[in-house]
Amino acid sequence: MNKRALISVSDKEGLVPFVQELTNLGFEIISTGGTKTVLEKAGLQPIGIEAITEFPEMMDGRVKTLHPRVHGGLLGRRDLPSHLEAMAEHGILPIDLVVVNLYPFKETISKPDVTEADAIENIDIGGPSMLRSAAKNHASVTVVVDPKDYDWVLAELKEGNTTLASRKKLAAKVFRHTAAYDALIGEYLTKAVAETETETLTKTYVLKQTLRYGENSHQKASFYQDALPVPYSIASAKQIHGKELSYNNIKDADAALRIAEEFTEPTAVALKHMNPCGIGSGETIAEAFQEAYEADPVSIFGGIIVLNRPVDVATAEQLQRIFLEIIIAPAFEEEALEILTKKKNLRLLVVDFEKAAKQPEVVSVLGGLLVQEPDDQIETPEDWTVVTKRKPTPEEIAALAFAWKAVKHVKSNAIVLANQQQTVGIGAGQMNRVGSVKIAVEQARENNKLAGSVLASDAFFPMDDSVEYAAKQGIKAIIQPGGSIKDQESIDMADKYGVAMVFTGVRHFKH
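Residues numbered from 1 in each chain as written. Predicted model: local features only at pLDDT ≥ 70, side-chain atom pairs only at ≥ 80, totals over all residues. Heavy atoms only, no water.

As recorded in an unreviewed UniProt entry, the protein goes by the name Bifunctional purine biosynthesis protein PurH, listed as coming from Enterococcus innesii. Heading Sequence similarities (unreviewed entry) of the UniProt record for the protein holds this comment: "Belongs to the PurH family." (UniProt positions renumbered as here; feature names shortened; annotations may be inferred.)

Right under this line is the structure:
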């Protein structure tokens, strides 16, 4: 008896030569719908699925392969006499090879004008069922879901048959594929009904890059991209120059992009080790970068720069003077590229800043995931409450607003000193808040930027020591969430030194 192959594919890449080779190997070809039409036009003679089921395709192709003569041929075990007897009794012939890929659901929902009706119509039912049946019975059935596997599968078939190890490998790929397919459908319908806290969380990602190593050289690592790409992301960035991104590059670049998203005016973000070392704004992007550079000209060395405007020649000339790992921008002018690409290892990435959209934050922990809404709230002066006798001046209000945008992206305990257009001192990740204040003040003093700066704290002051220390260094305005049982002590301390202090009522921890 000839071996039989059931072929029904949405992706027709490499289909005809593959089936021609199967025919040459003596396979009887069973096919459906559009796949059958393509094969017939190529001069091949597949058997229609209705000839096997003795039942017509119906309901616009929705019902055609869900039939015992199909699934019996896929699931019947060749090593069990009872299965073979049942197949013989009901006229079911075995199917040895299944080649199926699915309706383009992902491609359909990625279209900007997709309707829900179109999306639903592109949910494949028969395809996943055949794939799963064949994969379950991989002891006897070879199942192919990816055209990239055609060549090596053919090579094994020419040797007589695929090996059990190969069939098991193909089966595993099938179940990954159908799981990812179902995950996209579930995600789409969940969003359609606006559910947020679901009983299960199923996400699917596509391998984008196998990394040289992870956080350290002895750790293996890979970079996966959301199956529905997010335009404003490091995963969707287009690299136009430089060496391959590393694990740490990707994490740092992601952190820098999140900061840049806060600012609408021309702004540059310099970042090292997941914390900003300088944020600057200006009338032009060149001015913005100069502000970010002057915020901390030491720490920026070897850092990552994100610019929210195209890089022009003036900015490129500044950038090329220092050693940087990565520059990210919405575009690079041609002459700017000529300047920057002289550094062969400098990574240049282009990101679509016009399509920035907040995404849920997912963090892995041992045995699970933490998922939260993005911290996309930022309080404006209209939301603040002045709690001290002295009110901040208009200049101080502008500086406080700038500092408040920055401090939410600094690791807690976080303190940011800033003026109206740049950070001047950053204290990050200390075990006590006054320690972060001291680091920020010392940095600002070293850069001769302390005078006239304001202070932002991501969370409340549990004691008045931070306020007192800052006041003694000349800080005249502070912004913080408030909410401590000792708030009054901090307020009294601010009043003692004539410091203006405002409460936002919202904390911005970043662990």
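Sorry, what's going on with the overall build of the protein here?
When you go through the protein residue by residue, the secondary structure sums to 18 helices and 21 strands. A globule of 511 residues ought to have a C-alpha radius of gyration of about 24 Å, yet the protein, at 31 Å, is considerably larger. Seen through its principal axes, the protein has C-alpha atoms that stretch 95 × 55 × 45 Å. Out of the 511 residues in the protein, the part that is buried amounts to 47%. Here the contacts in the protein between residues at least 6 apart in sequence split such that 54% fall between residues at least 24 apart. (Helix = DSSP H or I, 4+ residues; strand = E, 2+ residues; numbered from the N terminus. Rg over C-alpha atoms; globule rule 2.2 N^0.38 Å. Buried < 20%, exposed > 50% of the residue type's maximum accessible area, 1.4 Å probe, protein only. Contact = heavy atoms within 4.5 Å.)

Just to check I follow, could you spell out the nonpolar core for this structure?
Ile 234, Leu 257, Val 306, Ile 328 and Val 416 are the most contacted members of the largest nonpolar core, which totals 44 residues. Taken together, the elements giving at least two residues each to this core come down to α11 (247–260), β9 (267–272), β11 (303–307), β12 (324–329), α15 (394–407), β17 (415–418), β19 (454–457) and β20 (477–480). Among all residues touching Ile 328, those that are not within four sequence positions of it are Ile 234, Ala 253, Leu 257, Ile 305, Val 306, Leu 307, Leu 349 and Val 351. Residues Phe 105, Val 145, Val 174 and Tyr 181 belong to the second largest nonpolar core, which totals 28 residues. (Core = buried A, V, L, I, M, F, W, Y, C linked by side-chain atoms within 4.5 Å.)

Please clarify how the layout of surface pockets should be interpreted in this entry.
Where empty space is left can be seen by rolling a probe of water-molecule size over the atoms. Looking at the second largest pocket, its volume works out to about 920 Å³. The wall of the second largest pocket is formed by 25 residues, among which Lys 106, His 177, Ala 180, Tyr 181 and Val 206 lie closest to the centre. Listing elements by their share of the lining of the second largest pocket, those giving two or more residues are α6 (105–109), α10 (164–192) and β6 (205–210). The greatest single-element share of the lining of the second largest pocket, amounting to 6 residues, is contributed by α10. Classifying every residue of the lining of the second largest pocket gives 14 nonpolar, 4 polar and 7 charged. (1 Å grid on protein atoms, 1.4 Å probe; cavity = no way out; pocket = protein on both sides within 12 Å on 5 of 7 lines; lining within 4 Å. Points joined across faces, edges and corners; volume = space filled by probe spheres on them. Nonpolar A, V, L, I, M, F, W, Y, C, P; charged D, E, K, R; others polar.)

Whenever I open this one, the packing of aromatic side chains confuses me. Can you help?
Each aromatic ring pair is characterised by the separation of its centres together with the angle its planes make. The full count for this structure, using the stated rule, is 7 aromatic pairs. Cation over ring: Lys 438 sits above Tyr 469, and NZ or CZ is 5.7 Å from the ring centre. (Phe/Tyr/Trp six-rings, centres within 6.5 Å; stacked < 30°, edge-to-face > 60°. Lys NZ or Arg CZ within 6 Å of the ring centre and 35° of its normal.)

Could you clarify how one ought to interpret the sheet that holds strand β4 (residues 97–100) in this entry?
Across a sheet, strands are paired by hydrogen bonds formed along the backbone, either parallel or antiparallel in direction. Reading across the sheet, the 5 strands line up as β3-β2-β1-β4-β5 and stay open at both edges, with parallel pairing between neighbours. Of all strands in the sheet, those bounded by a partner on one side alone are β3 (47–48) and β5 (142–144). Strand contacts of helix α2 (residues 33–41): β1 (4–8), β2 (28–31) and β3, with the helix running at about 135° to β2, the strand carrying the most contacts. (Pairing = 2+ DSSP bridges. Axes fitted to C-alpha atoms, helices over the stretch in contact; angles between N-to-C directions.)

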